[in-house]
Amino acid sequence: MEREKMPSEFWEDQEWALDHYEKWMKEYPYHWIAVVNKEVVAAEKDPEKARKVAREKTGKRHIPIVYIEGHIHVY
Amino acid sequence: MSIRIDLYFKEFENPDLLEKGVVFPAIRLFTQIRFKTRKGWTDAYLAILDTGAPTCVLPLKIWSECDVVLLADHTLRGIIPKEECSLPVLVGKITCVLVDKERESDELEAIAYLAMTNDVPILIGFQGLLEVTRLYMDYRNKRAFLEIG
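Residues numbered from 1 in each chain as written. Chains lettered and ligands numbered in written order. Predicted model: local features only at pLDDT ≥ 70, side-chain atom pairs only at ≥ 80, totals over all residues.

## As for the overall build of chain A
What counts is decided by this rule: In DSSP terms, a helix is any run of H or I states spanning at least four residues, a strand is any run of E spanning at least two, and both are numbered starting from the N terminus. With the radius of gyration taken over C-alpha atoms, the globule rule is written as 2.2 Å times the number of residues to the power 0.38. Between the buried cut of 20 or more and the exposed cut of 12 or fewer other C-beta atoms within 10 Å of a residue's own C-beta lies the partly exposed class, and all C-beta atoms are placed from the backbone.
Counting its regular elements, chain A contains 3 helices and 3 strands. Helices (α) and strands (β) of chain A occur, in sequence order from the N terminus, as α-α-β-β-α-β. For a compact globule of 75 residues, the expected C-alpha radius of gyration is about 11 Å, and chain A comes in at 12 Å, within 12% of that figure. Considered along the principal axes of its C-alpha atoms, chain A spans approximately 35 × 25 × 20 Å. Within the span of chain A, comprising 75 residues, buried residues form 35% of the whole.

## Points about the overall build of chain B
What counts is decided by this rule: Contact between two residues is assigned whenever their backbone-derived C-beta positions fall within 7 Å.
In terms of regular secondary structure, chain B is built from 2 helices and 11 strands. When the elements of chain B are put in sequence order from the N terminus, they spell out β-β-α-β-β-β-α-β-β-β-β-β-β. Computed over the C-alpha atoms, the radius of gyration of chain B is 16 Å, within 12% of the 15 Å expected from 2.2 N^0.38 for a compact globule of 149 residues. For chain B, buried positions account for 34% of its 149 residues. In chain B, the share of contacts with a sequence separation of at least 24, taken over all contacts with a separation of at least 6, comes to 59%.

## Some points on the interface of chain A and chain B
It is common to give the size of an interface as the accessible area lost on bringing the parts into contact. The line we're drawing: By the convention adopted, Pro, Cys, Tyr, Trp, Phe, Met, Ile, Leu, Val and Ala count as nonpolar, Lys, Arg, Asp and Glu as charged, and the other residues, Gly among them, as polar.
Contact with chain A, which involves 24 residues of that partner, is made by 28 residues of chain B. Considering every element that reaches the side of chain A that touches chain B, the biggest residue donor is helix α1 (residues 8-19) of chain A, with 4 residues. Within the side of chain A that touches chain B, the residues separate by chemical class into 15 nonpolar, 3 polar and 6 charged.

## Some details on the sheet that holds strand β10 (residues 133-138) of chain B
Residues and elements named next belong to chain B. Quick note on the threshold: For two strands to be treated as a pair, DSSP must find at least two bridges joining them. Geometry is summarised by axes, namely lines fitted to C-alpha atoms with helices restricted to the contacting stretch, and by angles between N-to-C directions that run from 0 to 180 degrees.
Ordered by their spatial adjacency, 3 strands build an open sheet running β1-β11-β10, and the pairing between neighbours is antiparallel. Of all strands in the sheet, those bounded by a partner on one side alone are β1 (3-6) and β10. Along the sheet, successive strands turn relative to each other by an average axial angle of 20°, direction set aside. Here β10 runs beside strand β11 (residues 143-148); their pairing, made up of 6 bridges, is antiparallel. Note on β11: the bridge partner recorded for Tyr136 is Phe145.

## A look at the environment of B:Tyr113
Structurally, B:Tyr113 can be placed in strand β8 (residues 108-115). Sequence separation between B:Tyr113 and B:Leu76 is 37 residues; the distance between their C-alpha atoms is 7.7 Å.

## Structural notes on helix α3 (residues 47-58) of chain A
One full turn of an α-helix is made of 3.6 residues, so residues set three or four places apart face in the same direction. Let me state the cut-off plainly: A helix's residues, less one, multiplied by 1.5 Å, set its expected span. By arc we mean the arc of the directions from the helix axis to the C-beta atoms, nothing more.
Taking 1.5 Å per residue as the helical rise, α3(A) with its 12 residues ought to reach 16 Å, and the 16 Å between its terminal C-alpha atoms agrees with that figure. Buried within α3(A) we find A:Pro47, A:Ala50, A:Arg51 and A:Ala54. Along α3(A), the residues classed as buried sweep out an arc of 95° about the axis, all on the same side. Along its buried surface, α3(A) packs onto β1 (31-35), β2 (40-44) and β3 (65-68) of chain A together with α2 (60-63) of chain B. With its phi angle positive at about 75°, A:Gly59 sits one or two positions after the end of α3(A).

## What about the sheet that holds β2(A)?
Residues and elements named next belong to chain A. Here 3 strands make up an open sheet; going across it, the order is β2-β1-β3 and the pairing antiparallel. Both outer strands of the open sheet, β2 and β3, are each paired with one neighbouring strand and no more. Pairwise comparison of adjacent strand axes, ignoring direction, gives a mean angle of 25° for this sheet. Where β1 and β2 come together, 4 bridges link them in antiparallel fashion.

## Observations concerning the nonpolar core
Inside soluble globular proteins, nonpolar side chains tend to come together where they are buried. To be explicit about the condition: A set of buried residues drawn from Ala, Val, Leu, Ile, Met, Phe, Trp, Tyr and Cys, joined through C-beta atoms within 7 Å, is what defines a nonpolar core.
Judged by nonpolar contacts, the single largest core of 56 residues is most densely connected at A:Ile33, B:Ile33 and B:Ala47. Broken down by element, this core gets its largest block of residues, 6 residues, from strand β7 (residues 87-99) of chain B. Setting aside chain neighbours within four positions, we find B:Ala47 in contact with B:Phe30, B:Thr31, B:Gln32, B:Ile33, B:Ile122, B:Leu123 and B:Ile124.

## What about the pairing of β1(A)?
Residue and element names in this part refer to chain A. Across the 5 residues of β1, 5 count as buried, placing the element largely inside the fold. Across the two faces of β1 the burial is the same, with His31, Ile33 and Val35 and Trp32 and Ala34 all buried. Pairing of β1 with β3, which is carried by 4 bridges, proceeds in the antiparallel orientation. The residue of β3 that forms the bridge with Trp32 is Tyr67. Taken together, β1 and the strand that follows it, β2, pair antiparallel across an intervening segment of 4 residues, in which Asn37 is found at a positive phi of about 50°.

Function-wise, these values are silent; they only describe arrangement.
Given below as structure tokens:
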């Protein structure tokens, strides 16, 4: 099955989410955030729900979903 | 022919230690991964590259979308050797590709720990993935990549 390419905005939004990770640790600890156009559009405990909410809000298909830790863990 | 997948260093402030006047960055190495699902492929997820992990760990709502072959149930144990700190998981075979902005690996099969909770990050461990790559890591120059193939 062919893999669909993600658009450049997807990678930019994912990078932006990672760049601001400390901020999200304070605001959305142990949540999955969805980022569109350099804005957190959903934060949920369930990654699929975060994607669904973000898609409903933005109409975008490819949305980075990023897990935010609340503390620095050693796995 | 081998393919090179870029990895990303991320430095975090450790707010818990910062409050106590101890300042040093927590450094993580991230990769990106797509999973084969029953309908196609997921978009790319950020994942922690963990050379201390024998296998990958996937959160519930991510692996439950995947095309997965379940093999067994199991208990995942972490740094604290107490029963209450263990995590029930399923063990299953997944198909994935490691990716960066420009490149994707060939399909890789890995046996992964499939968590029963969404409260875990995606961890990339050895089985099926790191064991078939060459890891280059140069934190001082902020350069890291996996070579596959």
